[in-house]
There are 4 protein chains.
Amino acid sequence: MNDPADAGHRIELRSDNAAGAAPELLAAVAGANTGSALAYGGDEWTRRLEARASEVFERPGVRVFPVVSGTAANALSLSALCPPWGAVLCHESAHILRSECGASSMLGGGLQLRGLPGPDTKLTVDAVHAAFASTNWGDNHHAQPSVLSLTSPTDLGAIYQVDEVAELAAAARERGLRVHLDGARLANALVALGCSAAELTWRAGVDVVSLGALKNGGLSCDAIVCFDDAAAAELHYRTKRSGHVASKMRFQSAQLDAYLADGLWLRLAASANATMARLTAGLDRLGVELVVRPAVNMVFARLDGPTADALAAAGVDFYRMGPDTVRFVTSWQTTPEDIDAVLAVLERHRA
Amino acid sequence: MNDPADAGHRIELRSDNAAGAAPELLAAVAGANTGSALAYGGDEWTRRLEARASEVFERPGVRVFPVVSGTAANALSLSALCPPWGAVLCHESAHILRSECGASSMLGGGLQLRGLPGPDTKLTVDAVHAAFASTNWGDNHHAQPSVLSLTSPTDLGAIYQVDEVAELAAAARERGLRVHLDGARLANALVALGCSAAELTWRAGVDVVSLGALKNGGLSCDAIVCFDDAAAAELHYRTKRSGHVASKMRFQSAQLDAYLADGLWLRLAASANATMARLTAGLDRLGVELVVRPAVNMVFARLDGPTADALAAAGVDFYRMGPDTVRFVTSWQTTPEDIDAVLAVLERHRA
Amino acid sequence: MNDPADAGHRIELRSDNAAGAAPELLAAVAGANTGSALAYGGDEWTRRLEARASEVFERPGVRVFPVVSGTAANALSLSALCPPWGAVLCHESAHILRSECGASSMLGGGLQLRGLPGPDTKLTVDAVHAAFASTNWGDNHHAQPSVLSLTSPTDLGAIYQVDEVAELAAAARERGLRVHLDGARLANALVALGCSAAELTWRAGVDVVSLGALKNGGLSCDAIVCFDDAAAAELHYRTKRSGHVASKMRFQSAQLDAYLADGLWLRLAASANATMARLTAGLDRLGVELVVRPAVNMVFARLDGPTADALAAAGVDFYRMGPDTVRFVTSWQTTPEDIDAVLAVLERHRA
Amino acid sequence: MNDPADAGHRIELRSDNAAGAAPELLAAVAGANTGSALAYGGDEWTRRLEARASEVFERPGVRVFPVVSGTAANALSLSALCPPWGAVLCHESAHILRSECGASSMLGGGLQLRGLPGPDTKLTVDAVHAAFASTNWGDNHHAQPSVLSLTSPTDLGAIYQVDEVAELAAAARERGLRVHLDGARLANALVALGCSAAELTWRAGVDVVSLGALKNGGLSCDAIVCFDDAAAAELHYRTKRSGHVASKMRFQSAQLDAYLADGLWLRLAASANATMARLTAGLDRLGVELVVRPAVNMVFARLDGPTADALAAAGVDFYRMGPDTVRFVTSWQTTPEDIDAVLAVLERHRA
């Protein structure tokens, strides 16, 4: 068996946002290029998208704001949920805290992100209660906890169960906090849990979702999915004044509509999750230690330097997270053949 | 001759951003959907775009930041050029002042926009000098003029001559201001002037350009074109922290590259300008008064209510700016046949 | 008769904030320096101040936030009344627009100040209605009018009648705006109008007042006087997060309490208004033209350059507003003898 | 021996900002109330203050900005030192992070505060190096470390030695960071160290100091002491646009001048440190466990609930930090007799 590199081919396991766009989304964009349509959302595709989201999330009147990045979705959502003197409670590993250059503080007028500890990169009700207990409520020296932000899947690929979300949201609501879900890989979580979008979001107490599409076959946008009327009323203005209202919004809305239509988003995520399962089964067989057993499409595994070097030389792209740890992420585009090729390289090298 | 409406067809003269995307841009997006590419600009299309911009603007090292809207381009540019206690001088009709919901103040940390008067929606050196004369320089009670922002074409379709830009920029530089050009319809101005992109921008003293594509056949982005290293260094972070760095940036960069390649942007604009010229020639013939004679692809004309009603009923979409004033905007998609049909309706109604 | 300068004495007519502090306020500060008291407003002087304000403004539960400057009072008030995407309507000569370096935009998260025209530096209901008529309500391209801010006395010394405030506030409320009064010289207006503090403020529809003390014998603070519970709840946090909560607040509260106690603020203002009246009577007698007849303690008069030079040489400090215009401002410290001395100089020079 | 409460007297050990103002400062304010003086710092007291600071800090051209609170001093200093996309490294217990309601993020346009661990509430060079090592330099997903902020004394009363400051500052400068010192209790640290103000600040590499006066006999202001010209140029505007320029600044400047004159600030701090030493000597004698041995005027000690209750009942005010931990803070106003009375109560209760 040859290495992928021998065929001039590289296998992408760095990130799911390095993958291409699903052809259905490209086709939707092309399909929306018919005649003229009012700018800034005054078009039929945007109306259709909101109807689609209402259907998919099983709730009337869902508002959707297409935005150009997950960072925009998160920061705008939080700016609409949290007063500028408030604090957003999140896990200390959260993307909003670690990887968005302070976007939420910036768009949120100086709001604070407060990272809480928790095993497996997940928040616990105990950690939230501990944060509440250490808060001087009403004391203006201290940013007041106002929003609980969950990330699922987390940046290390863990997911919350539906009842975990519900319990965390209930704990938050007891003290008046609103609840945000960073769902940059929401479809992967839904597939892994086998639950509905409604169950994991508003039925569990979530007010606003950052709905990722880009890491799952998206083309040029993610979206804010908003179940809260007051937040939606703010987002109408907050999106514009931060430059996040697309002029030809039909091309964004059409993509997202296609993404949600006929379960495409779930099929794409199911494929990514499945190739990851194939990979981890193979790694298990080969005796490669997994740092965390993956719930979705991401795994951290122990590979010594020479093995990692050999894998890279053979044409596999991935990230090294330390001297003996690598991260593999599969995407909707990863094929079973890709996985088998990766495993074959590892097997040869180990032999 | 029949009305467009009889054929189930409507003619779009409301805005050039209601037009579709040029097929070359869609093809470029599809063409970029090959295999994997690093996110956030670490891809070959983004490198190619910067090389293309350097070539088109005839200057090495031009930096390009694709963004989702003209508002984002303007507000981010100004935030990188103006300190938060500074003032941006612009015409009192400027889009940044009138139509962006305070985005520049928001992303610029509270900077002030100071609208100056001027005939024909254009700034004059005299108005700039008058603003300087009324400024308490160094007095911290007053926002300090720090940037001159020109819009060309203006929101009423007027354009600055190259030497007008150069004189205004020189006046600004004399007092230490930097110069921004809101070029939401830059290509239309270039075509009308018959000058090069370099002549109208950095050679005339412009530091940063908001380069419009969306109103001229664009799909999902405009861009910041930056000739100033310090501003570019800030924009690297400012784009991210406001959520304006696209994940799969290759799909934005590929569009913009196609837009600038082989003069496509100029051909699209030339077509829009030409159909506008055909329209105004016809309006002249029919004795319709023009409020301003158009320099590019936009005209304001006097039409009484019944005539405007008849035109709308016949299948033409346009905006009414007052009881007897209408605005017509042509786009790259407007055809000579569209114009002839519009003129035919008017002629029949007048008869 | 000699010039003031002959006695080594200068007469201060530049600004009322160049005057000293009233001895009652210094005494109150000294009086508050007894033993310990909790910081940040947890002291009896602050409680007493709020009780005093409730009594003086004839309304239970008035909230008072001592702040270090009128700019802080204005900007914080507006930040609590106006959403960050909103616009504050004010006169085009307003201090908040012209002389505070964009503080309201900064503390208000990018809110816009929209200057309206109006005779005599005052807003009119017509101007407000015109602003409303030119607003695209609900359109997110445009900052939404959210607050009407009146300044009385204006920066040129004009005052609104009680019914003018009431009519403007009613016009504002009709469209959902809240009402702010910049009362940097509120006491001077009250004395001139002969009305109560309640009549000119909340009874006329004002929600929040920037209560000036510094220009009227104050020592180290002005205050926000808040009749609106929602705004007060925000100010609790907004003051702290902008660094505007004094640690030893008792020394600020004690001043303000003394200022409002037993009509001191009105007596100080009455004295300043009276010396101004004495001055203008004298200027009339001498045939000096007044640009505006003063309502309070400020006048703009025509003095040719040589006369102004002579006055300055004789020991009078004042501001020149142009080649033949001067501004005189009296304060609580200005004496009738000061005025007579000024008039004597002018008379001698004219003779 | 009687309890303080028997004499209607309470002993204040809650906080040094609950103490009164030193009489010298009150006298200075009264002394500045002579005649008129230009507002906003255009007065002789402010000039004198800057000369005084230059002398005390042994460096020409020191700039001083009086502000109304330590929070204002910190947040404004950091906003002038750190770009809005930057991160300020500080100890995880730092006041700027824990007790200022996000003021630095707010005035700093969304900058991030990054808390680092360290024993004894102090930063170490190792922790700073670890923070650097975990930073993705130049990566716009991550707030870039731009300022190192030290607090000395810390909020738990620990102090940095001069060479510790110098080493930390050197480590920071190596990566281009600037250095801020939160000196809310700077005088207490100087007295404890026996070093000069210059040695602990700019000679050790500090660019800007938040100079506390309020906790050490101050009346109504702290100050920013700035050794960096670029930061000072920004602070000129940043103070104004956040409402932090006092109108009658002479009354703030006169206080601070008196505070720094003739070593008053050091004498006041020496007294507070000495009464704390007397207290801890007594606690040692009584066998009361100290959580941390105090370097300055603050101690955390173990007292069981009944003992604490008895102490409170006897007329001593202090804070309880947990079920068996109390905090005692002495101030310039605390007397040896106060301490002896406290110890007598404890001794009687223990007996």
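Here the structure is a predicted model, which is why all the values come from computation and not from measurement.

*Asks:* Give me the overall build of chain A: which residues, what numbers.
*Replies:* Looking only at helices and strands, chain A features 14 helices and 13 strands. Computed over the C-alpha atoms, the radius of gyration of chain A is 21 Å, within 12% of the 20 Å expected from 2.2 N^0.38 for a compact globule of 351 residues. In terms of overall dimensions, chain A has a C-alpha envelope of 65 × 60 × 30 Å along the principal axes. With 351 residues in all, chain A has 65% of them scored as buried. By sequence separation, contacts in chain A at least 24 residues apart represent 75% of the contacts at least 6 residues apart. As displayed, chain A has an accessible area near 11200 Å², and 52% of this comes from carbon and sulfur atoms.

*Asks:* Explain the environment of E12(A) to me, and be specific about the residues and the numbers.
*Replies:* Of note, E12(A) is situated in strand β1 (residues 11–12). Between the C-alpha atoms of E12(A) and G315(A), which are 303 residues apart in sequence, the distance is 8.8 Å. In contact with E12(A), not counting residues within four places along its chain, are A18(A), D317(A), V329(A), T334(A) and S36(B). Here R14(A) takes part through its side chain, which lies 2.6 Å from a polar atom of the side chain of E12(A). Among the polar contacts made by the side chain of E12(A), one reaches the side chain of S36(B) at a distance of 2.6 Å.

*Asks:* Quick rundown of the interface of chain B and chain D? Include the residues and the values.
*Replies:* Interface size is commonly expressed as the accessible area that is lost once the parts come together. Of the residues lining the interface, 20 residues belong to chain B; the matching set on chain D comes to 20 residues. Taking both partners together, chain B and chain D bury about 1700 Å²; carbon and sulfur atoms supply 60% of that area. By the criterion of area lost to chain D, the three top residues of chain B are W85(B), N140(B) and Y237(B), representing 43% of everything that side buries. Put simply, chain B and chain D have 0 salt bridges between them. At the boundary of chain B and chain D, one finds 8 residue pairs in polar contact (both at pLDDT 80 or more). Considering each element in turn, the side of chain B that touches chain D owes the most residues, 7 residues, to helix α10 (residues 229–241) of chain B.

*Asks:* Give me the lowdown on the relation of the copies chain B and chain D, citing residues and values where you can.
*Replies:* Superposition record for chain B on chain D: RMSD 0.0 Å, screw rotation 180 degrees, translation along axis 0.0 Å. Between the two chains, the operation in question is that of a two-fold axis. Using C-alpha coordinates, one finds that chain B approaches the rotation axis most closely at G109(B), a distance of 3.0 Å. A share of 100% of the interface residues of chain B reappears at the interface of chain D, consistent with the copies meeting face to face through the same patch.

*Asks:* Please give an account of the relation of the copies chain A and chain B that cites residues and values.
*Replies:* The two copies are related by a screw operation: chain A maps onto chain B through 180 degrees of rotation and 0.0 Å of translation along the axis, at an RMSD of 0.0 Å. Comparing contact sets, 100% of the residues at the interface of chain A also lie at the interface in chain B, consistent with an isologous, same-surface contact.

*Asks:* So what about the interface of chain A and chain B? Which residues, and what values?
*Replies:* On the chain B side, the residues contacting the 48 residues of chain A number 48 residues. Surface buried jointly by chain A and chain B totals about 3900 Å² across both partners, of which 55% is contributed by carbon and sulfur atoms. For chain A, the biggest contributors to the area lost against chain B are M106(A), R241(A) and K248(A); these three give 18% of the whole. Counting every contact that joins chain A to chain B gives 0 salt bridges. Across the chain A-chain B interface, the total number found is 25 residue pairs in polar contact (both at pLDDT 80 or more). Every element with two or more residues in the side of chain A that touches chain B is listed here: α1 (23–31), α3 (70–81), α5 (103–107), α10 (229–241) and α11 (250–260) of chain A. The residue makeup of the side of chain A that touches chain B, split by class, is 23 nonpolar, 16 polar and 9 charged.

*Asks:* How would you explain the side chain of D182(B) if you had to name every residue and give the values?
*Replies:* All names here are of chain B. By secondary structure assignment, the location of D182 is in strand β6 (residues 178–183). It turns out D182 is buried and unbridged, and the closest side chain with the opposite charge, R185, is 8.2 Å from it. Within the structure, the side chain of D182 is placed 3.0 Å from the side chain of N74, a separation counted as a polar contact. With residues near it in sequence (within four places) discarded, D182 still touches N74, H95, I96, L150, T151, S152 and S210.

*Asks:* Before we move on, could you go through the domain arrangement of chain A and cite the residues and values that matter?
*Replies:* Residue and element names in this part refer to chain A. Along its sequence, chain A is carved into domain 1 (4–20 + 265–350) and domain 2 (23–263). Taking the mean C-alpha position of each, domain 1 and domain 2 sit 28 Å from one another. Facing 18 residues of domain 1, the contacting portion of domain 2 comprises 28 residues. When domain 1 packs against domain 2, close to 2000 Å² is buried across both sides, 60% of that on carbon and sulfur atoms. Across the domain 1-domain 2 interface, the total number found is 1 salt bridge. Its salt-bridge partner being D16, residue R185 comes within 2.7 Å of it at the nearest N-O pair. There are 9 residue pairs in polar contact (both at pLDDT 80 or more) connecting domain 1 and domain 2. Secondary-structure elements contributing two or more residues to the side of domain 1 that touches domain 2 are α12 (264–286) and β10 (298–302). Broken down by element, the residue count for the side of domain 1 that touches domain 2 peaks at 8 residues, all from α12.

*Asks:* Describe in detail the pairing of strand β8 (residues 222–226) of chain B, supporting the description with residues and values.
*Replies:* Residue and element names in this part refer to chain B. In terms of burial, β8 is largely enclosed, as 5 of its 5 residues are buried. The alternating pattern of β8 places D222, I224 and C226 and A223 and V225 on opposite faces, both of which are buried. Bridge count for strand β2 (residues 63–67) against β8 is 5 bridges, and the pairing is antiparallel. Residue pairing for β8: R63 is matched across the bridge by C226. In terms of strand pairing, strand β7 (residues 208–211) meets β8 through 4 bridges, oriented antiparallel. Along β8, the bridge assignment pairs V208 with C226.

*Asks:* I'd like a description of the sheet that holds strand β13 (residues 325–329) of chain D, backed by residues and values.
*Replies:* Residues and elements named next belong to chain D. Taken together, 4 strands build an open sheet; the order of strands is β9-β10-β13-β12 and the sheet is antiparallel. Bordering the open sheet on either side are β9 (290–292) and β12 (319–322), each of which pairs with just one other strand. The sheet shows a mean angle of 35 degrees between the axes of neighbouring strands, taken without regard to direction. One ladder, built from 5 bridges, connects strand β10 (residues 298–302) with β13; its direction is antiparallel. The residue of β13 that forms the bridge with R302 is T325. Helix α13 (residues 305–313) contacts β12 and β13 of the sheet and is inclined by roughly 165 degrees relative to β12.

*Asks:* How would you explain the sheet that holds strand β12 (residues 319–322) of chain A if you had to name every residue and give the values?
*Replies:* Residues and elements named next belong to chain A. With antiparallel pairing, the 4 strands of this open sheet are ordered in space as β9-β10-β13-β12. This sheet does not close on itself; its edge strands, each paired only once, are β9 (290–292) and β12. With strand direction ignored, the average angle separating the axes of adjacent strands in the sheet is 35 degrees. The pairing of β12 with strand β13 (residues 325–329) spans 3 bridges and is antiparallel. The residue bridging Y319 from the neighbouring strand is R327, located in β13. Across the face of the sheet, α12 comes into contact with β9, β10 and β13 while running at roughly 15 degrees to β10. Running at roughly 165 degrees to β12, helix α13 (residues 305–313) makes contact with β12 and β13 of the sheet.

*Asks:* Residue-level account of unusual backbone geometry, with values.
*Replies:* Between S152(B) and the following residue, P153(B), the backbone shows a cis peptide bond with an omega angle of -5 degrees. At D262(A), a residue that is not glycine, the phi angle is positive and equals roughly 55 degrees. Following the sequence through the fold, D262(A) ends up in the loop between α11 and α12.

*Asks:* Give a detailed account of empty space enclosed by the protein, specifying residues and quantitative values.
*Replies:* Under the defined criterion, the tally for this structure stands at 11 cavities of 30 Å³ or more. By volume, the largest cavity amounts to about 210 Å³. Forming the boundary of the largest cavity are 21 residues, of which G70(A), H95(A), A184(A), K215(A) and Y40(B) lie nearest the centre. Per element, the largest residue contribution to the lining of the largest cavity is 3 residues, and it comes from α3(A). When the residues that make up the lining of the largest cavity are grouped by side-chain class, the tally is 6 nonpolar, 8 polar and 7 charged.

Cut-offs applied
- Residues numbered from 1 in each chain as written.
- Chains lettered and ligands numbered in written order.
- Predicted model: local features only at pLDDT ≥ 70, side-chain atom pairs only at ≥ 80, totals over all residues.
- Heavy atoms only, no water.
- Helix = DSSP H or I, 4+ residues; strand = E, 2+ residues; numbered from the N terminus.
- Rg over C-alpha atoms; globule rule 2.2 N^0.38 Å.
- Buried < 20%, exposed > 50% of the residue type's maximum accessible area, 1.4 Å probe, protein only.
- Contact = heavy atoms within 4.5 Å.
- Areas by Shrake-Rupley, 256 points an atom, 1.4 Å probe, with all protein chains shown as cover.
- Polar contact = N/O pair within 3.5 Å; in protein donor to acceptor, adjacent residues only side chain to side chain.
- Buried area = accessible area lost by both parts, 1.4 Å probe.
- Salt bridge = Lys/Arg side-chain N within 4 Å of Asp/Glu carboxyl O.
- Least-squares fit on C-alpha atoms with pLDDT ≥ 70 in both.
- Nonpolar A, V, L, I, M, F, W, Y, C, P; charged D, E, K, R; others polar.
- Lys, Arg positive; Asp, Glu negative; His and termini not counted.
- Domains from an automatic or database assignment.
- Pairing = 2+ DSSP bridges.
- Axes fitted to C-alpha atoms, helices over the stretch in contact; angles between N-to-C directions.
- 1 Å grid on protein atoms, 1.4 Å probe; cavity = no way out; pocket = protein on both sides within 12 Å on 5 of 7 lines; lining within 4 Å.
- Points joined across faces, edges and corners; volume = space filled by probe spheres on them.

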